[in-house]
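For reference, the chains in residue letters:
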Amino acid sequence: MKMHVWSLFWGVFFILIGISIMLKAFGIILPLFRILFAAFVIFIGISILFPGAFKKCCGISQSGRETMFSESNIEGNNISGEYSTIFGSSNIDLTQITPGSPKIELNAVFAGIKVKIDRSKPYRIKGNAAFGGVMLPNGNTAAFGTTVYQTDSYKEGSPAIEVEANAVFGGIEIR
């Protein structure tokens, strides 16, 4: 059974909170947040020094769809599906995509993504943000919540390019 790195992090986090509460009842004070912060910094350091170290145990993939602790450039006419950037940056060129292509989902977690689109093509972009921001080509920004952008050539029911942009403690700029 493979365990995703964030499942492992949150599981350990809640277990340590429970232990800290129990120990506090006996007068033992555990500096929980210092320990978790130190463990997180160590994890980031190991991930930077040994990029594949957590691949087997923690489900970190290097398929080109995930960017962790680095920078990526994605372009072409066959972009579809989900692309995630975590603690890094990505430049994604969607100008070569044709209307009717499968939906594209972009996720920025503690990261930045810059997306280039061709405004003459029919796009429908839904931006979702939580403690982050999604900047759309018309100047609208989702800082906390959801906003939708459609190009002038977009018509309901006809083939279009569907993009969902999700930012959590990060930012996505679509221009």
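Predicted model, so just to flag it, every value in this text is computed and none were measured.

### Focus on the overall build of the chain
Of regular secondary structure, the chain possesses 3 helices and 12 strands. Within the chain, the fraction of its 175 residues that count as buried is 36%. Taking as baseline every contact in the chain between residues at least 6 positions apart, the subset at least 24 positions apart corresponds to 51%. Within the structure as shown, the chain displays about 10400 Å² of accessible surface, and the carbon and sulfur contribution to it stands at 63%.

### Points about the side chain of Ser-20
Relative to the helices and strands, Ser-20 is located in helix α1 (residues 5-25). Note on Ser-20: relative accessible area 14%, which makes it buried. Excluding its chain neighbours within four sequence positions, the residues that come into contact with Ser-20 are Leu-30 and Leu-32.

### Focus: the packing of aromatic side chains
The way to describe two aromatic rings as a pair is by their centre distance and the angle between their planes. Counted according to the given criterion, the structure contains 4 aromatic pairs. Between the aromatic rings of Phe-87 and Phe-110, the centroid separation amounts to 5.1 Å while the plane-to-plane angle is 0°, which identifies the pairing as stacked. Of the two residues, Phe-87 is situated in the loop between β3 (81-86) and β4 (89-93) and Phe-110 in the loop between β5 (104-109) and β6 (112-116); the sequence distance between them amounts to 23 residues. Centre to centre, the rings of Phe-131 and Phe-169 are 5.0 Å apart; their planes meet at 5°, and the pair counts as stacked. Placement of the pair is Phe-131 in the loop between β7 (123-130) and β8 (133-135) and Phe-169 in the loop between β11 (161-168) and β12 (171-174), with a sequence separation of 38 residues. On the accessibility criterion, Phe-131 (54% relative accessible area) is exposed. Its relative accessible area of 42% is what places Phe-169 among the partly exposed residues.

### What to know about the sheet that holds β8
Read from one edge of the open sheet, 6 strands run β2-β4-β6-β12-β8-β9, paired in mixed fashion. One side of each edge strand has no neighbouring strand; the edge strands of this open sheet are β2 (71-75) and β9 (141-142). Note: β4 against β6, 5 bridges, orientation parallel. Opposite Ile-92, over in β6, you have Val-115 as the bridge partner.

### Side note on the pattern of salt bridges
Counted under the stated rule, the structure contains 1 salt bridge. In this structure, Glu-164 engages Lys-103 in a salt bridge whose closest nitrogen and oxygen atoms are separated by 3.0 Å. One end of the pair, Glu-164, is in strand β11; the other, Lys-103, is in the loop between β4 and β5, with 61 residues separating them in the sequence. Residue Lys-103 is classed as partly exposed on the basis of its relative accessible area, which comes to 48%.

### Quick look at the sheet that holds β11
Across the sheet, which stays open at both edges, the 6 strands sit in the order β1-β3-β5-β11-β7-β10 with mixed pairing between neighbours. Bordering the open sheet on either side are β1 (66-68) and β10 (145-150), each of which pairs with just one other strand. Across the sheet, the mean angle from the axis of one strand to that of its neighbour is 10°, orientation sign disregarded. Strand direction decides the pairing type here: β3 and β5, joined by 6 bridges, are parallel. Its bridge partner lying in β5, Ser-84 is registered against Asn-107.

### Focus on the nonpolar core
With 26 residues, the main nonpolar core has Leu-94, Val-115 and Ile-172 as its most contacted residues. Residue assignment for this core shows that the elements contributing at least two residues are β5, β6, β7, β11 and β12. Excluding residues within four positions of it along the chain, Ile-172 makes contact with Leu-106, Ala-108, Ile-113, Val-115, Gly-133, Val-134, Met-135, Ala-165, Asn-166 and Ala-167.

### Focus on the pairing of β5
Where β5 lies against β11, 6 bridges are found, and the strand directions are parallel. Pairing of Val-109 across the sheet is with Val-168, part of β11.

What counts and what doesn't
- Residues numbered from 1 in each chain as written.
- Predicted model: local features only at pLDDT ≥ 70, side-chain atom pairs only at ≥ 80, totals over all residues.
- Heavy atoms only, no water.
- Helix = DSSP H or I, 4+ residues; strand = E, 2+ residues; numbered from the N terminus.
- Buried < 20%, exposed > 50% of the residue type's maximum accessible area, 1.4 Å probe, protein only.
- Contact = heavy atoms within 4.5 Å.
- Areas by Shrake-Rupley, 256 points an atom, 1.4 Å probe, with all protein chains shown as cover.
- Phe/Tyr/Trp six-rings, centres within 6.5 Å; stacked < 30°, edge-to-face > 60°.
- Pairing = 2+ DSSP bridges.
- Salt bridge = Lys/Arg side-chain N within 4 Å of Asp/Glu carboxyl O.
- Axes fitted to C-alpha atoms, helices over the stretch in contact; angles between N-to-C directions.
- Core = buried A, V, L, I, M, F, W, Y, C linked by side-chain atoms within 4.5 Å.

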